Amino acid sequence: MKNKVNISHIEYSNNLNFYSCLKFLLQCGLSDKQLLLVQKTVNENKSLGYEKLCDILLKDGFIMKSSVLKYDNFNYFVNSIEKDKFSMWCDFINIACELFLIKDLILQESKQYALREYKRELNAITDQLSIEYDMSGLHLPYGQRVISALLVYVLTDTNRKYEYLLSASENTVKSFKNIFKPVIKQYAININNIFQIIMDESMNQSIKSDAGSSYESRVYNTLLPIVEDLKGHSHDKNIHSVEYDNTFIFNNKKCGVSAKRTLRERYKQNFEDVSLLEIDYMFVITLGIDLNEEKLLNILQKENHFVIVSKEQFESKSFLKENSRVIPSNNIPEKFNEIIK
């Protein structure tokens, strides 16, 4: 191959050291005030040499007291500075402090931007049990990651001429051209890509996956205007091992709900005859993306068991459309009136 990517040992080593500097400093959990003090101390005292600078940074109570839990991480960070690469580490610490002083701003900007777009999408979708709605729910965590990556790229662009991080934001960030360019040139480090690794790790910690609980909430919100006496999680009074995510009353009949975004093997949890239970009807509500004909027939072999699936799955699979006990998510009120009597 003529166009091989050639990454030298020095380039790899320098980028690894830069990432290590970022990672170790992040683990210290320093406040903005402490970051500024570390940066100022390193820049003003690096001429004193390795030992003297380490002594100053680790002096009890200067950056932090030795009695606090974070001190061990800070001590590890300072001792990770390589004596034979002292000048490089000082330069890396300076950049790292600058980046961490605006890291939380990037996270917040990303969250707010993605949240605004997420709300706009959801307002245009009425069927909360559809795949379209489900996919839009993923746009919030995915969107935060995308915006974060774009903002990091903008931030670390040494040719950036403007101060605003986002045009819709009140926050401004100075240009780091004079700080970044000499270090990039001297050590051949890729600030954008290496800092993005740190941002991805921080973003993953800040984003909580709640797809399951979110789906149950969407089921609740869909049923609320349709039924009466809608209640949350409970166990059947007759067979205690049977659980309901919801129960409700419709046309004076008691109904149970098992709400599972994806079925896997959990659809068997409520595999009991309705005649043995306290309810009159049982509804399994799912997106339907992993619902095959065998699973469907297993569920529906029991009397008064029904399945509600997303409208997209209902329309795309003939075995769903041809079964009278399968209900598309966009037609629930009408079907309830036909079925529950």
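Okay, so let's go over this structure. All of these numbers come straight from a predicted model, not from anything done at the bench.

**Considering the overall build of the protein chain**
Then, in step 1: If you tally the helices and strands in the protein chain, you get 13 helices and eight strands.
Then, in step 2: For 341 residues, the compact-globule estimate of 2.2 N^0.38 gives 20 Å, and the protein chain exceeds it by more than 25% at 29 Å.
Then, in step 3: When burial is assessed residue by residue, the protein chain has 47% of its 341 residues classed as buried.
Then, in step 4: Contacts spanning at least 24 positions in sequence make up 65% of the contacts within the protein chain whose residues lie at least 6 apart.

**Some words on the packing of helix α2 (residues 32-45) against helix α5 (residues 86-123)**
Packed helix pairs are specified by the crossing angle of their axes together with the interaxial distance, meaning the distance between the axes.
Then, in step 1: Contact geometry for α2 and α5: axes closest at 9 Å, N-to-C directions at 155°. Classed by the angle they form, the pair α2 and α5 counts as roughly antiparallel. Crossing angle aside, the handedness with which α2 passes α5 is left-handed. Along its contact with α2, which presents Asp32, Leu35, Leu36, Val38, Gln39, Val42 and Asn43, the element α5 presents Cys90, Ile93, Asn94, Cys97, Glu98, Phe100 and Leu101.
Then, in step 2: A class-by-class count of the residues in the contact of α2 with α5 yields nine nonpolar, three polar and two charged.

**A look at the sheet that holds strand β4 (residues 246-250)**
Then, in step 1: Taken together, the six strands give an open sheet; going across it, the order is β1-β4-β5-β6-β7-β8, and neighbouring strands pair in mixed fashion. On the outer flanks of this sheet lie β1 (228-231) and β8 (326-328), each paired with one strand and no other. Taken over all neighbouring pairs, the strand axes of this sheet differ in orientation by 25° on average, direction set aside.
Then, in step 2: In this structure, strand β7 (residues 305-309) lies alongside β8, joined through three bridges in parallel fashion. If you follow Val307 over to β8, its bridge partner there is Val326.
Then, in step 3: Lying over the sheet, helix α10 (residues 293-300) contacts β6 (281-285), β7 and β8, oriented at roughly 140° with respect to β7.
Then, in step 4: In this fold helix α13 (residues 332-339) packs onto β4, β6, β7 and β8, with an angle of close to 150° to the strand it touches most, β8.

**Brief notes about the pattern of salt bridges**
Then, in step 1: Evaluated as defined, the whole model comprises 15 salt bridges.
Then, in step 2: Residues Lys103 and Asp104 are paired through a salt bridge, measuring 3.4 Å at the closest nitrogen-oxygen approach.
Then, in step 3: In this structure, the salt-bridge partner of Lys254 is Glu278, at a minimum N-O distance of 2.6 Å. Separated by 24 residues along the polypeptide, Lys254 in strand β5 (residues 253-259) and Glu278 in the loop between β5 and β6 bring together distant segments of the chain.

**Considerations on the environment of Ile308**
Then, in step 1: Topologically, Ile308 is positioned in strand β7.
Then, in step 2: With near-sequence residues (within four places) excluded, Ile308 lies in contact with Phe283, Val284, Ile285, Thr286, Ile327, Ser329, Ile332 and Phe336.

**Here's the deal with the nonpolar core**
Then, in step 1: One finds Phe18, Leu22, Leu30, Phe74, Phe77, Leu99 and Phe195 to be the most contacted residues of the largest nonpolar core, which totals 53 residues.
Then, in step 2: Every element with two or more residues in this core is listed here: α1 (9-27), α2, α3 (50-57), α4 (71-79), α5, α6 (131-156), α7 (177-187) and α8 (191-206).
Then, in step 3: If sequence neighbours within four positions are ignored, Phe77 has contacts with Cys21, Phe24, Leu25, Cys28 and Ile93.
Then, in step 4: In this structure, Ile131, Ala259, Phe306 and Phe336 belong to the second largest nonpolar core, which totals 23 residues.

**Points about the pairing of β6**
Then, in step 1: Taking burial as the measure, the five residues of β6 include five buried ones, the bulk of the element.
Then, in step 2: Across the two faces of β6 the burial is the same, with Tyr281, Phe283 and Ile285 and Met282 and Val284 all buried.
Then, in step 3: Where β5 lies against β6, five bridges are found, and the strand directions are parallel. The residue of β6 that forms the bridge with Ser258 is Val284.
Then, in step 4: Regarding the hand of the β-α-β motif, the stretch spanning β6, α10 and β7 is right-handed.

Reading the values: rules and limits
Residues numbered from 1 in each chain as written. Predicted model: local features only at pLDDT ≥ 70, side-chain atom pairs only at ≥ 80, totals over all residues. Heavy atoms only, no water. Helix = DSSP H or I, 4+ residues; strand = E, 2+ residues; numbered from the N terminus. Rg over C-alpha atoms; globule rule 2.2 N^0.38 Å. Buried < 20%, exposed > 50% of the residue type's maximum accessible area, 1.4 Å probe, protein only. Contact = heavy atoms within 4.5 Å. Axes fitted to C-alpha atoms, helices over the stretch in contact; angles between N-to-C directions. Parallel < 35°, antiparallel > 145°, perpendicular 65-115°, else oblique. Left-handed = near helix turned anticlockwise from the far one by under 90°. Nonpolar A, V, L, I, M, F, W, Y, C, P; charged D, E, K, R; others polar. Pairing = 2+ DSSP bridges. Salt bridge = Lys/Arg side-chain N within 4 Å of Asp/Glu carboxyl O. Core = buried A, V, L, I, M, F, W, Y, C linked by side-chain atoms within 4.5 Å. Right-handed = clockwise from strand over helix to strand, strands pointing away.

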